[in-house]
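Close look at the chain arrangement
Below, each chain spelled out in residue letters.
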Amino acid sequence: MKTPLIGGLALAAAAALSLAPALAPASSPTARAAEPATIHPQLWPSARPQLPADPALERQVNAILAGMTLEQKVGQLIQGDISALTPQDLRQYPLGSVLNGGNSKPGGNPLAPPSAWLTLANGYYLASMASSHGPHPIPEIWGIDAVHGNNDVYGATIFPQNVGLGAAHDPALLRLIGAATAEEVRAIGLDWTFGPTLAVVSDDRWGRSYESYSQDPAIVRAYARAMVLGLQGRPGTAQFLDAYHVIATPKHYLGDGGTRGVDQGDNLESETQLRDTDAAGYPVAIEAGAQTIMVSFSSWQNVKMVGNYGLLTEVLKDRWHFDGFTVGDWNAHGQLPGCTDASCPQAVDAGLDMFMAPTDWKALLANTVQQVRSGQIPRSRLDDAVRRILRVKLRARLFTEGPPVSRPLAGHFELLGDAQHRAIARRAVRESLVLLKNENHLLPLQPHERVLVAGDGADDIPMQCGGWTLTWQGTGTTNKDFPHGESIWQGISQAVRAAGGEAQLSRDGSFKHKPDVAIVVYGEKPYAEFQGDVPNLAFSPANDTDLKLLERLHAAGIPVVSVFLSGRPLWVNPELNASNAFVAAWLPGSEGEGVADVLFRGRDGEIRYDFRGKLSFAWPRTPLQFGTDTPGQPLFAFGYGLRDASNGDLPKLPEASGLPSAATVDSSVFFTSGRAGSGWHWAVADDAGATPLPHGIGASDSKRLVLTAIDEARQEEARLLHWTGSGQSTAEITGATPIDLTRQTNGELALAFDYLVEEAPSAAVTVGMGCGASCSGAVPITADLRAAPHGQWRHLAIPLACFAAAGENMSRVWTPFTLETSGKLALGLANIRLQSGAAGAVACPH
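Structural notes, computed from the coordinates. (Residues numbered from 1 in each chain as written. Predicted model: local features only at pLDDT ≥ 70, side-chain atom pairs only at ≥ 80, totals over all residues. Heavy atoms only, no water.)

With that settled, consider the overall build of the chain. Of regular secondary structure, the chain possesses 25 helices and 30 strands. Against the 2.2 N^0.38 benchmark of 28 Å for 846 residues, the chain shows a C-alpha radius of gyration of 27 Å, consistent with a compact globule. When the backbone C-alpha atoms are referred to their principal axes, the chain occupies close to 75 × 75 × 55 Å. Expressed as a percentage of its 846 residues, the buried residues of the chain come to 63%. Across the chain, contacts joining residues at least 24 apart in sequence account for 78% of those joining residues at least 6 apart. Looking at the chain as shown, the accessible area adds up to about 28,500 Å², and 52% of this sits on carbon and sulfur atoms. For the chain, the distance from the average site of its 65 positive side-chain charges to the average site of its 84 negative ones is 3 Å. (Helix = DSSP H or I, 4+ residues; strand = E, 2+ residues; numbered from the N terminus. Rg over C-alpha atoms; globule rule 2.2 N^0.38 Å. Buried < 20%, exposed > 50% of the residue type's maximum accessible area, 1.4 Å probe, protein only. Contact = heavy atoms within 4.5 Å. Areas by Shrake-Rupley, 256 points an atom, 1.4 Å probe, with all protein chains shown as cover. Lys, Arg positive; Asp, Glu negative; His and termini not counted. Charge placed at Lys NZ, Arg CZ, Asp CG, Glu CD.)

Moving on, we get to the nonpolar core. Counting residues in each nonpolar core, the largest one holds 121 residues, and the members touching the most others are Tyr253 and Trp320. Residue contacts for Trp320: discarding those within four places in its chain leaves Trp44, Pro45, Ser46, Ala47, Arg48, Pro49, Tyr253, Ala279, Tyr282, Pro283, Ile286 and Val315. Counting residues in each nonpolar core, the second largest holds 76 residues, with Val429, Trp468, Ala596 and Trp619 among its members. (Core = buried A, V, L, I, M, F, W, Y, C linked by side-chain atoms within 4.5 Å.)

Moving on, we get to the packing of helix H7 (residues 171–187) against helix H16 (residues 419–432). Packed helices, taken two at a time, are described by the angle between their axes plus the distance between the axes. Axis separation between H7 and H16 bottoms out at 10 Å; the angle between their running directions is 145°. The handedness of the crossing between H7 and H16 comes out as left-handed. Across from Leu173, Leu176, Ile177, Ala180, Glu183 and Glu184 in H7, the residues of H16 making contact are His421, Ile424, Arg427, Ala428 and Glu431. Its residues assigned to classes, the contact of H7 with H16 shows six nonpolar, one polar and four charged. (Axes fitted to C-alpha atoms, helices over the stretch in contact; angles between N-to-C directions. Left-handed = near helix turned anticlockwise from the far one by under 90°. Nonpolar A, V, L, I, M, F, W, Y, C, P; charged D, E, K, R; others polar.)

Turning to the pairing of strand S17 (residues 669–672), a few remarks are in order. Two faces, one strand: in a regular strand the side chains alternate between the faces of the sheet. Across two bridges, the pairing between S17 and strand S30 (residues 824–835) is antiparallel. If you follow Phe671 over to S30, its bridge partner there is Ile832. Sheet analysis places S17 next to strand S18 (residues 675–676), joined by two bridges and oriented antiparallel. Directly across from Thr672, in S18, lies its bridge partner Arg675. The hairpin turn running from S17 into S18, its antiparallel successor, is two residues long, and Ser673 in that turn takes a positive phi close to 50°. (Pairing = 2+ DSSP bridges.)

Structure follows, in structure tokens:
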């Protein structure tokens, strides 16, 4: 996707960013490697950290290492999650590190106050330095995903997600953001962040696309250096890793952006493409002094990255002279063939220095000690890993800074949401906005007019922040959980009213007095990682609510401005046609007034801030044009972006998606990896009414039935359904378009799901399908649930023919899954789908 169809304002990224020369030319992105998964380190560029030699530090490392027991050494290699590791545990077990996963917070409180973070950080530190660890204790280090600000913490400044920052084309801005983030992390007593993400995304279907700066390795390369310098300070100066900076972690090494839209997938690119595109940001990040590297879940040519010796050791450590340490992702080592979450010597041998072992840390510690004693893990490899970890801890001054509460910025909670930090975030919002359409120079607007603000994203700070914001998926929060943030509506309202205009908020677009202009804010709902993977790039293919709103306002003769919130470019031709102006706002974070800064002129009618954002990802012409791996011309090329003075008219765009119904509604997968299949959503119902649950989290109106996220094999990929027993309640997966399962029924397919019984049913339970009002077929599963052992995941498959026999019209299935009871029941569910053949299926229950 390189040639513009519309506009022709292609950006020469290298010139605009003053980037370093590129590596040797890469092969075509669409070319796939024929050679086996072999790395040739001599073909990779050399790199070297810009850190002066420090013989005194190396003597310290060696002296500490010489005094450590085997258990202490192995403990340094293990990182546990705060949800499963207490300070008291750390007094007994000499682990080297703790982390908090996306949903792990002090006391289990997603809105834990900053003081709780500092208190817990202090507790872990003191525990790691306790006398129980002998005369030479090693301070632990706590890692946090501060990936767009200190986004896990209540009150923090939330910067735009990386996809928006890439559109700003401003490395200097990135350095400011890194420095501000470091201060806010330091304020709560922590000193290590898991960022920046250096993925070069080639397929925008990937649910982590918004964590990438660009499809262009040149932008990622420039931003990698800027962000590492901002977070850590410049190497070789007194600022480097001082009390005002934190350790950075470029991630996810390597090739996670090239997995064809599949999270934790397999990158099949050639070694040349892997080197020149996917690895572009790593050598410069290492040269800038990056101290830790997070290893990806993903594979390269069917070899898991955590087990790839060529990339972890021969390239990263030998060719690039990286002398910090590598850390795995969440139990990534457990995906390596022959490994489990509690045992993986293969990863250590390959070059992994620290396991991220959230819950199985105790068993992993014991097993790894035994594997060293048996020689399965060479002691020389163990010492190398420990030496690397100690080197980073010494550079970060952990041995001399003392407890977190005694550090210079600790407890300065006023830094969270600090006015200067918010000003940087507001600037970032302004610079990231990309103007795609501006018919008759509609933008910027006059602020003294009557302005209608509509859409479900207008007054929704969680939606404008996206995933990895207070919670892992960015869900379950409201505006009140952002005490320093402002919604886009609030920013618009302030700008308009300050100029004497009139602003009205109406989510559904209704109005009493016809406005002069309507601003409609809509887009993707928050998601993270695999829950954001999509089968194509059509925006909201099964729900046209936003489009109908635009069309209704447009038909009323009201100029319409679309402000589109998304973590990636999406096919929005119908929405573009229904808008007079269209702004790609990405996921701008907590400073919604930055949007108003650019949408409106000043009180005097003069332009205050011009649009300056340029696409860092090409915009698709069709829903099946996924990114750089898809041939053909894009609708808007990489580098496209209108200025206020530009001619912003567009011809009418084709609105037929070209997608067959099977591409918009998944007819075989209804719930997997923590999210409903395409075209489906969760809902709950009782006699108090029906409640849709887009993410499968929430409760029925009467609170008789509550759905929460739980783990099966992966984090939050399952749902726990809890019935209180106070009346009939139903959970269902339903959609707006029916599917025909006649052929599947005749072909002996089954409805299958994984289930876990936490509390056995006290009344009859049925599972069923629905075909509209007064049309359904259900079968009892009470006996299966009562016979199942508690706390163990099991599998159940019911032939589709059973539902047909019970009354379901298989040619018009609107609801492919329902579960109903009037009694008490606590049941985990995962992987709800059609199963090929009836093998393993039960006979039709009666």
